[in-house]
Amino acid sequence: MSDVVEKTLSALPSLLSLDSQAGAGKLSPSSKLGNLIKGITELTSKHEEEKLIKKELESIKEQVASPNTTMRQMKEIMVRAIYCEMLGYQASFSYIHAIKLAQQGSVLEKRVGYLAVSLFLNETDEFLLLLVNTVLKDLQSTNLIEVCMALTVVSQMFPKDMIPAILPVVEEKLTHPKEIIRRKAVLALYKFYLIAPNQVQHIHSKFRKALCDKDPGVMTASLHIYLQLIKENPESYKDLTGSMVTILRQVVGGKLPLDFNYHSVPAPWLQIQLLRILAYLGKEDQGTSEMMYDVLEESLRRAEMNHNITYAILFECVKTIYTVHPKSQLLEKAAECIGNFVLSPKINLKYLGLKALTYVVQQDANLALPHQMTIIECLDHSDVIIKRETLELLFRITNAQNVTVIVEKMLEFLRLTCDDYSTIDLVGKVAELAEKYAPDNVWFIQTMNSVFSLGGDVMQPDIPNNFLRLLAEGVDNVEDRQLRLFAVDSYVSLLQGVTAKLPQRFLQVISWVLGEYSYLREEESDPGSVMRLLARLLDQRHTSTETRSWVLGAMTKLCSSPVSVALARDVCERYSGSLNTVLRQKAQELMILSQDTKLRARVLPAEGRLESLEVDSSLSFLDGYVSEALAAGAAPYKSPHQRQEDLVQEKALSLEPYGLSLPVSLSSCSITDRLTDRRSPTLLSMSSGLSGNSTELSHQEGSTTLKLEGVKRVWGKDGYLAQQQSAGETPTPLVELPNPLLSPQSPPSQTQKPSSGLEPDQEKRQLASSLFVGLGSHNSVCLMGRAETAPRHFRRKPRGESSSGASEGSSNSSHSSRSAAVDNLLLSNLLDSTTVASEGGAATTTTPQQTSQRTLDHTTSNGNPHVEGTEQRVEAGGPLSLIRGNGMVAVVPPTHTQTDPQTQQDLHPAPALERPRDLPLASHLPAELSGLARSEFTPLCSDQDSSLALSACRVYKEDALVLLVFISNNNDSALHQMVLQLTCKELEISCISGSPLKEVKGHSVSVCLHTVVMKRASVQVELAGLLSYQRPLGQPQAAQFSLSLSLKHFLRPLTVSTGDYGKMWLSFSHDLKQNLRLVTTEHQEPLTATLDALKGKLHLHVVDIIGSEGIVACRLLQGPGQWIWSVVAGCGQWRLVVVSGGWL
Amino acid sequence: MIKFLLMVNKQGQTRLSKYYEQVDIEKRPSLETDVVKRCLSRKKEECSFVEYKDFRLVYRQYAALFIVVGISDTENELSIYELVHNFVEVLDKYFSRVVSSIMFNLDKVHIIIDEIIQNGHIVETNKNRILAPLLALDKMAEAH
């Protein structure tokens, strides 16, 4: 009852102010705010607003400074200040008063104080430190409301470094009797996990308790943590699947209190959250997926009610069904569901349907087939958002046969759109499709012309870059020649027309191509024509200075005939006096080179176009200079990304409209060295790659949002496809039996089904058959002899091998199988390298060299085709080198690996022979360890008649390495007086349980558990074991064995945020660099694949992938060491940089 | 992931804004103007989701009040669309006439939002529980 009174009272002021607008100010207690708002609402211009707010801020300033202002007034002032800031006017003087209000105000005032703090300050603000004591005090308050608000503010923002100060108090709240306090405590811990994951590592067990809390709210809160944890590392949480399924079943079944319902749907957002978690858990895991089929089906069934929120759940459910291991019956139902969405007259549902379809066609392009006509209708929909989403869908089902139609549709959209962001995005997609599936030269060049004209100067710089590279690359065969000639011809005719509308970037591309390849058409035209066209370009007012320098560069290459020389002279005269130094220099070059034919022939050899230039991309000739400078006390060079302290900033909302943050663009760096750099634009990116590679390359990544080569094909028409099918193919369906229903001859009859009732007109039918050709009807086309794949020529080259002069020999292993590549990577790198080097007999080719310089890398090419670059750097001269003496990193193709069989066995710790024994032993795993990641069982030793066998297994607990020794007694008689000793000087081994076990009965297995800690870090340690025992009627006996443990067993992922990573990067002093060969697989980007391999094999935490740089982190168990690793691309090679906080 | 929540009137004036990703104060007005322009220019029969730069907007209109939520493109648009409605229902439960009340009770609306969304995630949707802390505050302020 009192609640009702409360409500009315609190609503009263607003009621009054509402009903009589004029009197609002006077009657409302927040009169000043009311006046302010009213004033603002009545204003008509920005200028007036500014004047009014300035005045308001002045008055606020005066009032907060006055000692007579009460806390109650202060609260009202703060709301006004919030209002001003909301309109974009800084009120920084009030921040300190907000903190004061939170400190001193009584409840409601305090809450407003906290609120103001959370709105005014950002997470890195130093002001926040002033809040710590207040928060701590309130957390310990007896007033629950105060505890509540303190927890609320903590879960919004809190200084990372101060977490330890309040962590115990927050932890304590997890057991508070009030659900709201427990719930908020969980959310606060979630916040801590987000900003400093290592701080809360020890309370993971408490999260589990929260998950099992009797209150649904607390449980829901804990799901935020679990979603995050499972997303990062699904393997470790598979055991939660059962619980998640149970929770979802209860929610769906309506077991929650009624007030969790929203429009009679039980806790819809909770359902969505759970479905997301299940998707992460079931992805590529049949066993786990099977546990959830029932509940997924139930969700589909329950969500039948016709309300938006049930559709939202359905959408999530469909996504989950298509993410987890497939079950055909469910897939059918989900597909049906998508159909309902797509066909819905409600526009929001249609949108969602298209989005779902876009998601599922990545797995099975045929799913688009039943919706052909709807898709075509959506293409012409009046709502551009629907159109845009449809194009996205089409992009994903593009193949060599429908590419022309789909690209045409995309270009059509591009011509109409004026939104820069969609332009950038779509232009990138068109360029990608054109490169991948172009049916012929003419089409390719024409499409790229449209891309350049439409993309204008906003498109990603890698589009022209890649295009030029594509033209320049390749052997000089007829096909390449034709392509180039066609490009030249097409540009000449473009230049003959109106050039005023062509974007500058396009003109630059044109100039470069004309300069380089005009000679191809020489025989048929008069020699000066191209020169004249270029000169005309120079004369035009709209041509930018940058473009002019490109044009001049092109002219320099072309001035071979007398006519051209004369033209060149004219041009030179005009530009040698230019105020722009670059232009002046170019003109000077043109002048000299056009007159001195011999010099020109030497500097710009015509036949040298295709020859690769040796570029010392590491600038090793500067080494002497650098070390001198360092010796003289200069600061060591740091690359931009190292300098970039605040990595978090990057993640914030970008408001710079489409600005390119990189300073090095294609054109700017080309100008500097155009003369020497005649060969191809490939070099441009390399020369700039020296300094800012990571930032630059990240842009390249950005433009190609989707890599179809990488899309894994798990889905076929008949359901799940086995893994071994080659995925290097285009994303079109694999060859299947021709299906009469789906063959291109009959799509219209297929598509009658849509409820539209109207006969689709002929045009649409045609469009449909051209759009959906190649889907589901592949076989028939192939039989007719048409190549299914695009000409190799247009294939985008894998990024990793962007050809530098030195790395040419390295491209031949891209077809190596994934696992071989992974092992190769691991073998030749990292932790096992010592063994490889010493035992494998691979002669090391370099001695570790100690250099003082930090980032400048230098590459030595020693003639061996398999050794592309050897690099070893021990910076701080640490006691132990992780990567010792193995110079031949990553360059040995799998077939050449000189592998010690023993090492290999270590990497495949499951010899085939031991497999059968695996299962029985697994059943002896202690229950508390069963859910954790573990190694295979390694046999240690057995006596002659195998009456006694010892096996070992490592369990990777989060905080420890547990070594299990299984003693299997296969004899009838028991073993007595058993003593198991494990010794190793580098390790500290302590027994948890099982020992001292005195005896093992006949035909049974006993387990001894030991925790193992590294006292002194070593790459590889040998552990010696001795088991002494006695049979009832025998002598004491002993079994000896040894077991080697590698450092990698002691590594655990270190979960840090990108921001923390950045800080660690700066603060850690030891570093170590090594060249690295990326793992190449068909399914993934090389970088991602490598990181995955590292993650899998070495228990690393992949922090982030920023452009072409992958960063990972790990820590050593119980040791001081934290390492962060970074895989960086530079100069065409990949480099692994390991930075350590402890030792290396 | 929710990036921001805006409440604007038909004239495009911001009534409330809450950001879950760092945006400089100076840049907010232009972002808001831009966002609002996108949403206000849409017709009734067009869908309630708009692509904007590299994220999406979900908007919903209540009389003269527009609520716009910026989300990342992994978010489920329709669930956010309904979240907005749930939020409005909460406001409706607390204030008697939502549209004008929120203007003059900026602080309370913020307190409500803080209960629903934190760090860009939906943390509470149960109406009673969303309002519980605020009602308790009111009660205590009354007693003072």
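The model shown is predicted, which means the values in this text are computed figures rather than measured ones. (Residues numbered from 1 in each chain as written. Chains lettered and ligands numbered in written order. Predicted model: local features only at pLDDT ≥ 70, side-chain atom pairs only at ≥ 80, totals over all residues. Heavy atoms only, no water.)

Some points on the overall build of chain B
Where we set the bar: Helix and strand definitions here come from DSSP, where helices need a minimum of 4 consecutive H or I residues and strands a minimum of 2 consecutive E residues; each element is numbered from the N-terminal end. Residue burial is assigned from relative accessible area. The probe radius is 1.4 Å, only protein chains are included, and a residue is buried under 20% of its type maximum, exposed over 50%, and partly exposed in between. Pairs of residues are marked as contacts when any of their non-hydrogen atoms sit within 4.5 Å. Each accessible area is a Shrake-Rupley result for a 1.4 Å probe, and residues are judged covered by the shown protein chains and nothing else.
Looking only at helices and strands, one finds five helices and seven strands in chain B. Mapped in sequence order, the helices and strands of chain B form the string β-β-α-β-β-β-α-α-α-β-β-α. Split into buried and exposed, the 144 residues of chain B put 72% on the buried side. Looking at chain B alone, contacts between residues at least 24 apart form 48% of all its contacts between residues at least 6 apart. Just so you have it, chain B exposes about 4600 Å², and 50% of that area is on carbon and sulfur atoms.

Structural notes on the pairing of strand S2 (residues 14–19) of chain B
All names here are of chain B. Test applied: Only strands joined by at least two bridges in the DSSP assignment are considered to pair.
Most of S2 sits out of view: six of its six residues are buried. The pairing of strand S1 (residues 2–9) with S2 spans five bridges and is classified as antiparallel. Within the sheet, the bridge partner assigned to Leu-5 lies in S2 and is Lys-18. Taken together, S1 and the strand that follows it, S2, pair antiparallel across an intervening segment of four residues, in which Gly-12 is found at a positive phi of about 90°.

Quick look at the pattern of salt bridges
Stated precisely, the cut-off is as follows: The term salt bridge refers to a side-chain nitrogen of Lys or Arg lying within 4 Å of a carboxyl oxygen of Asp or Glu.
Across all of its chains, the model carries 47 salt bridges over all chains by this definition. Where Lys238(A) meets Asp285(A), a salt bridge forms, and the shortest distance between an N and an O atom there is 2.9 Å. Of this pair, Lys238(A) sits in the loop between helix H13 (216–232) and helix H14 (241–252) while Asp285(A) sits in the loop between helix H15 (268–282) and helix H16 (286–302); the two residues are 47 residues apart in sequence, bridging distant segments of the chain. A single salt-bridge network, built from bridges that share partners, covers Lys355(A), Arg388(A), Glu389(A), Glu392(A), Arg396(A), Asp425(A), Lys429(A), Glu51(B), Arg56(B) and Glu77(B).

Things to note about helix H17 (residues 308–323) of chain A
What counts, and what does not: Helix span is expected to be 1.5 Å times the residue number reduced by one.
Look at H17(A): 23 Å from first C-alpha to last across 16 residues, which is about the 22 Å you get at 1.5 Å a residue. The buried fraction of H17(A) amounts to 16 of the 16 residues, a majority that puts the element mostly inside the structure.

Section: the interface of chain A and chain B
Here is the rule we go by: Here a polar contact is taken to be a pair of N or O atoms separated by no more than 3.5 Å, where protein atoms must pair a possible hydrogen donor with a possible acceptor and residues adjacent in sequence count only if both atoms sit in side chains. For this classification, Asp, Glu, Lys and Arg are treated as charged, while Ala, Val, Leu, Ile, Met, Phe, Trp, Tyr, Cys and Pro are nonpolar and the rest, including Gly, are polar.
Every contact between the two is made by 91 residues of chain A and, on the other side, 80 residues of chain B. If you look at where chain A meets chain B, you find twelve salt bridges. A salt bridge links Arg183(A) to Glu124(B), with the nearest nitrogen and oxygen atoms 3.3 Å apart. Here chain A is connected to chain B by 32 residue pairs in polar contact (both at pLDDT 80 or more). Among the elements that line the side of chain A that touches chain B, the one with the most residues is helix H1 (residues 2–19) of chain A, at twelve residues. A breakdown of the residues in the side of chain A that touches chain B according to their chemical character gives 44 nonpolar, 24 polar and 23 charged.

Observations concerning the packing of helix H5 (residues 71–86) of chain A against helix H6 (residues 95–104) of chain A
All names here are of chain A. Note the threshold: Inter-axis angles, ranging from 0 to 180 degrees, are taken between N-to-C directions of lines fitted to C-alpha atoms, where helices are fitted over the stretch in contact. Convention used here: angles under 35 degrees read as roughly parallel, angles over 145 as roughly antiparallel, angles from 65 to 115 as roughly perpendicular, and any remaining angle as oblique. We call a crossing left-handed when the near helix sits turned anticlockwise from the far one by less than a right angle, and right-handed when that turn is clockwise.
At a minimum axis separation of 10 Å, H5 and H6 run at an interaxial angle of 140°. By the criterion of interaxial angle, the relationship of H5 to H6 is oblique. Considering only the axes of H5 and H6, their crossing is left-handed. Every residue of H6 that contacts H5 at Met-71, Met-74, Lys-75, Met-78 and Glu-85 is listed here: Tyr-95, His-97, Ala-98, Leu-101 and Gln-104. In terms of residue class, the contact of H5 with H6 is made up of six nonpolar, two polar and two charged.

Quick notes on the sheet that holds strand S9 (residues 976–983) of chain A
Residue and element names in this part refer to chain A. Ordered by their spatial adjacency, three strands build an open sheet running S9-S12-S13, and the pairing between neighbours is antiparallel. Pairing within the sheet leaves two strands with one partner each, and these edge strands are S9 and strand S13 (1036–1046). On average, adjacent strands in this sheet sit at an angle of 15° to one another, irrespective of strand direction. One ladder, built from six bridges, connects S9 with strand S12 (residues 1020–1030); its direction is antiparallel.

Quick notes on the packing of aromatic side chains
Residue and element names in this part refer to chain A. For the record, the criterion: Centres within 6.5 Å make a pair out of two Phe, Tyr or Trp rings, where for Trp the six-membered ring is used; the pair is then stacked when the planes are under 30 degrees apart, edge-to-face when over 60, and tilted otherwise.
Taken as a whole and judged by the stated rule, the model has 17 aromatic pairs over all chains. Ring geometry for Tyr-95 against Phe-127: centres 6.3 Å apart, planes inclined by 80°, an arrangement best described as edge-to-face. Taken together, the residues span a long stretch of sequence, with Tyr-95 in helix H6 and Phe-127 in the loop between helix H7 (107–120) and helix H8 (132–139) at a distance of 32 residues. Taking the relative accessible area as the measure of exposure, Tyr-95 reaches 8% and is therefore buried. Ring geometry for Trp-512 against Tyr-517: centres 6.1 Å apart, planes inclined by 75°, an arrangement best described as edge-to-face. Take Trp-512 and Tyr-517: they sit in the same class, and that class is buried.

Thoughts on the sheet that holds strand S5 (residues 65–71) of chain B
All names here are of chain B. Overall, antiparallel pairing links the five strands, which are arranged S2-S1-S5-S4-S3 in an open sheet. Here the strands that pair on one side only, and so sit at the sheet edges, are S2 and strand S3 (49–52). Shown here is a sheet whose adjacent strand axes are inclined to one another by a mean of 20°, direction ignored. On top of the sheet, helix H2 (residues 77–94) reaches S1, S3, strand S4 (55–62) and S5; it is set at about 35° to S4, its chief contact.

Things to note about the side chain of Asn86(B)
Among the structural elements, Asn86(B) can be located in helix H2. A relative accessible area of 1% means that Asn86(B) is categorised as buried. Apart from residues lying up to four places away in sequence, Asn86(B) is in contact with Tyr262(A), Trp269(A), Thr125(B), Lys127(B) and Ile130(B).

As for helix H3 (residues 31–42) of chain A
If you check H3(A), its first and last C-alpha atoms are 16 Å apart, about what twelve residues at 1.5 Å a residue would give, namely 16 Å. Those residues of H3(A) that fall on the buried side of the exposure criterion are Leu33(A), Gly34(A), Leu36(A), Ile37(A), Gly39(A) and Ile40(A).

Digging into the packing of helix H27 (residues 504–517) of chain A against helix H29 (residues 545–558) of chain A
Residues and elements named next belong to chain A. Relative to each other, H27 and H29 sit at 10°, their axes nearing to 8 Å. With respect to each other, H27 and H29 are oriented roughly parallel. Across the interface between the two elements, Gln-504, Leu-507, Gln-508, Ser-511, Trp-512, Leu-514, Gly-515 and Glu-516 from H27 touch Glu-546, Thr-547, Trp-550, Val-551, Ala-554, Lys-557 and Leu-558 from H29. When the residues that make up the contact of H27 with H29 are grouped by side-chain class, the tally is seven nonpolar, five polar and three charged.

Structural notes on the environment of Cys337(A)
Residues and elements named next belong to chain A. With respect to the secondary-structure elements, Cys-337 resides in helix H18 (residues 328–343). Classification of Cys-337 as buried rests on a relative accessible area of 10%. Ignoring anything within four residues of it in the chain, the contact list for Cys-337 reads Leu-300, Leu-314 and Val-318.

Looking at the pairing of S12(A)
All names here are of chain A. Judged from the eleven bridges that link them, S12 and S13 form a sheet pairing that is antiparallel. Looking at S13, one finds that Ala-1024 is bridged to Ser-1042. Counted between consecutive antiparallel strands, the loop separating S12 from S13 contains five residues.

A word on the confidence of the model for chain A
Residues and elements named next belong to chain A. How we decide: pLDDT measures how confident the predictor is about each residue, on a scale from 0 to 100.
For chain A, the average pLDDT comes to 72, and 66% of its residues sit at 70 or higher. Predicted confidence is poor over residues 657–758, with pLDDT under 50, and the contacts of this stretch with residues over four places away or in other chains come to 216 contacts. Ignoring residues within four places in sequence, the model shows residues 777–918, a span with pLDDT below 50, making 297 contacts including any to other chains.

Topic: the confidence of the model for chain B
Here chain B shows a mean pLDDT of 90. Residues at 70 or above account for 97%. The ipTM for the predicted assembly is 0.97, set against a pTM of 0.61.

Some words on unusual backbone geometry
Despite not being glycine, Glu284(A) has its phi angle at roughly 55°, a positive value. Along the chain, Glu284(A) turns up in the loop between H15 and H16. Non-glycine residue Lys53(B) carries a positive phi angle of around 50°. Along the polypeptide, Lys53(B) turns up in the loop between S3 and S4.

Regarding the environment of Glu124(B)
Looking at where Glu124(B) falls in the secondary structure, it is placed in the loop between strand S7 (121–122) and helix H5 (127–143). When sequence neighbours within four positions are dropped, the list of residues in contact with Glu124(B) reads Arg183(A), Phe260(A), Glu115(B), Ile116(B), Arg129(B) and Ile130(B). One polar contact links Glu124(B) to Arg183(A), side chain to side chain, over a distance of 3.3 Å.

Some points on the side chain of Asn119(B)
With respect to the helices and strands, Asn119(B) occurs in the loop between strand S6 (117–118) and S7. Overall, the relative accessible area of 15% leaves Asn119(B) in the buried class. Within the structure, Asn119(B) has its side chain in polar contact with the backbone oxygen of Ser155(A) (distance 2.8 Å). At a separation of 2.8 Å, a polar atom in the side chain of Asn119(B) contacts the side chain of Lys191(A). Those residues within four positions of Asn119(B) in sequence are excluded, and the remaining contacts are Ser155(A), Gln156(A), Lys191(A), Leu194(A), Met1(B) and Tyr20(B).

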